[in-house]
Amino acid sequence: MDYDGVTRGILIMTSNRLIAIPAAIAITASAAWGITFQEETRPAAEVELVLSTYKDALESLDVSDTQSLFTQNSRIFETGKYEGSYSDYLAHHIGPELGHFESFTFSDYEVDVQFEGSVALASETYNYRIEIEGREPVERQGVATSALVQDDGEWRIAVMHNSSRPLN
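As the structure is a prediction and not an experimental result, all values here were calculated from the model. (Residues numbered from 1 in each chain as written. Predicted model: local features only at pLDDT ≥ 70, side-chain atom pairs only at ≥ 80, totals over all residues. Heavy atoms only, no water.)

J.: Got a minute to help me understand the layout of surface pockets in this structure?
T.: In this approach the atoms are scanned with a rolling probe the size of a water molecule, which exposes any empty space left behind. For the largest pocket, the calculated volume is near 490 Å³. Elements that contribute at least two residues to the lining of the largest pocket include exactly α2 (42–59), α3 (86–98), β5 (103–116), β6 (119–131), β7 (138–151) and β8 (154–166). When grouped by side-chain class, the residues that make up the lining of the largest pocket number 16 nonpolar, four polar and six charged. (1 Å grid on protein atoms, 1.4 Å probe; cavity = no way out; pocket = protein on both sides within 12 Å on 5 of 7 lines; lining within 4 Å. Points joined across faces, edges and corners; volume = space filled by probe spheres on them. Helix = DSSP H or I, 4+ residues; strand = E, 2+ residues; numbered from the N terminus. Nonpolar A, V, L, I, M, F, W, Y, C, P; charged D, E, K, R; others polar.)

In C-alpha cells form, the structure reads like this:
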C-alpha cells in the first residue's frame with residue numbers, strides 16, 4: 001500500500017484529517033507507549049467486494065451486469081482450459097451455461113487477499129451446488145485464484161483461474 005510515500009504502515013483518523021504513519025515508526029511507537037494500532041483493511045475489503053459481487057451474480061443466475069468487475073483484457077481459466085477474456089467467457093460459456101441452471105449456491109466460502117505491490121492476489125475456497133431440471137444435483141469443492149488491479153480507480157479482475165473436484 002502506498003499513502004503518499006508510506007509503503008507499509010497504518011492510517012490514523014484525527015478529528016479532521018487522515019494521517020499515514022510508516023510501519024517502522026508505528027512499531028516503535030506501539031512498543032514504547034503500549035499503543036495498539038488496527039491495520040488499514042479498506043483495500044482488502046474493496047477486493048473482497050468485487051469477488052462477492054461476482055459470486056452473488058452467479059447465485060442469482062444473472063451475470064449480465066458483471067462485465068465491469070473485469071478488466072477489458074482479462075484472462076479466464078477454468079478447470080484446465082483457457083476461456084479467453086471475460087467477454088468471451090460470458091458470451092460463450094458462463095452466460096449460456098447459467099441459462100440451464102435452476103439454482104447455483106455456494107457454501108463454506110472463504111477468501112484471502114494479499115497484496116504484491118499494486119496487484120491484489122485473492123484465493124477463494126468454497127463448495128457449490130448446481131441444480132438442473134431433470135438431473136441429479138452437482139456438488140463440488142472449488143478453488144479460485146484471481147489477480148486484481150486498479151483500473152479507473154476501481155479494483156477489477158485481470159486474471160481468474162478456478163477449478164473444482166467432486167465434493168468429499
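J.: What am I meant to see in the confidence of the model for the chain here?
T.: Regions with low pLDDT carry predicted coordinates that are not meant to be interpreted in detail. Residues with a pLDDT of 70 or more make up 76% of the chain, whose mean pLDDT is 84. Long-range and interchain partners of residues 23–30, a stretch whose pLDDT sits below 50, account for nine contacts in this model, where long-range means more than four residues apart. This model gives residues 36–40 a pLDDT under 50, and the stretch forms seven contacts once residues within four places in sequence are excluded. (pLDDT = per-residue confidence, 0-100. Contact = heavy atoms within 4.5 Å.)

J.: Help me out: how do you make sense of α3 in this one?
T.: Side chains three or four residues apart in an α-helix point the same way, a direct result of the helix having 3.6 residues per turn. For α3, spanning 13 residues, the distance from its first C-alpha to its last is only 15 Å, which falls clearly below the expected 18 Å at 1.5 Å a residue. Along its length, α3 shows its largest kink, about 30 degrees, at H92, and proline P96 lies within four residues downstream of that point. Of all the positions in α3, only Y86, Y89, L90, H93, I94 and L98 are classed as buried. Summarising the contacts, the buried residues of α3 are in contact with α2, β3 (70–78), β4 (81–84) and β5. (Expected span 1.5 Å × (residues − 1). Bend = angle between axes of the 7 residues up to and from the residue. Buried < 20%, exposed > 50% of the residue type's maximum accessible area, 1.4 Å probe, protein only.)

J.: Explain the sheet that holds β4 here, please?
T.: Adjacent strands of a sheet form backbone hydrogen bonds with each other and so pair up, either parallel or antiparallel. The six strands are arranged β4-β3-β8-β7-β6-β5 in an open sheet whose pairing can be described as mixed. Whereas interior strands pair on both sides, the edge strands pair on one side only; in this sheet they are β4 and β5. The sheet shows a mean angle of 20 degrees between the axes of neighbouring strands, taken without regard to direction. Examined bridge by bridge, β5 and β6 share 12 bridges and lie antiparallel to one another. In the sheet register, F104 faces β6, and the bridge partner there is I130. Packed onto the sheet, α2 meets β3, β5, β6, β7 and β8 and runs at close to 160 degrees relative to β5. Together, β3, β4 and β5 form the strand contacts of α3, whose direction differs from that of β3 by roughly 55 degrees. (Pairing = 2+ DSSP bridges. Axes fitted to C-alpha atoms, helices over the stretch in contact; angles between N-to-C directions.)

J.: What is the right way to read α2 from this model?
T.: Its 18 residues place the ends of α2 25 Å apart at the C-alpha level, agreeing with the 26 Å of an ideal helix rising 1.5 Å per residue. Those residues of α2 that fall on the buried side of the exposure criterion are P43, A44, V47, V50, L51, Y54, K55, A57 and L58. For α2, the angular spread of buried residues about the axis comes to 165 degrees, placing them on one side. Buried residues in α2 make contact with β3, α3, β5, β6, β7 and β8. Of the residues flanking the end of α2, it is L61, one or two places downstream, whose phi is positive at about 65 degrees. (Arc of directions from axis to C-beta.)

J.: What should I look at first to understand unusual backbone geometry in this one?
T.: In most cases, non-glycine residues show a negative phi, while peptide bonds are predominantly trans. The phi torsion at D108 lies on the positive side, around 50 degrees, for a residue other than glycine. Residue placement: D108 occurs in strand β5. The class of D108 is exposed, set by a relative accessible area of 59%. One non-glycine residue, D152, adopts positive backbone phi at about 55 degrees. Along the chain, the position of D152 falls in the loop between β7 and β8.

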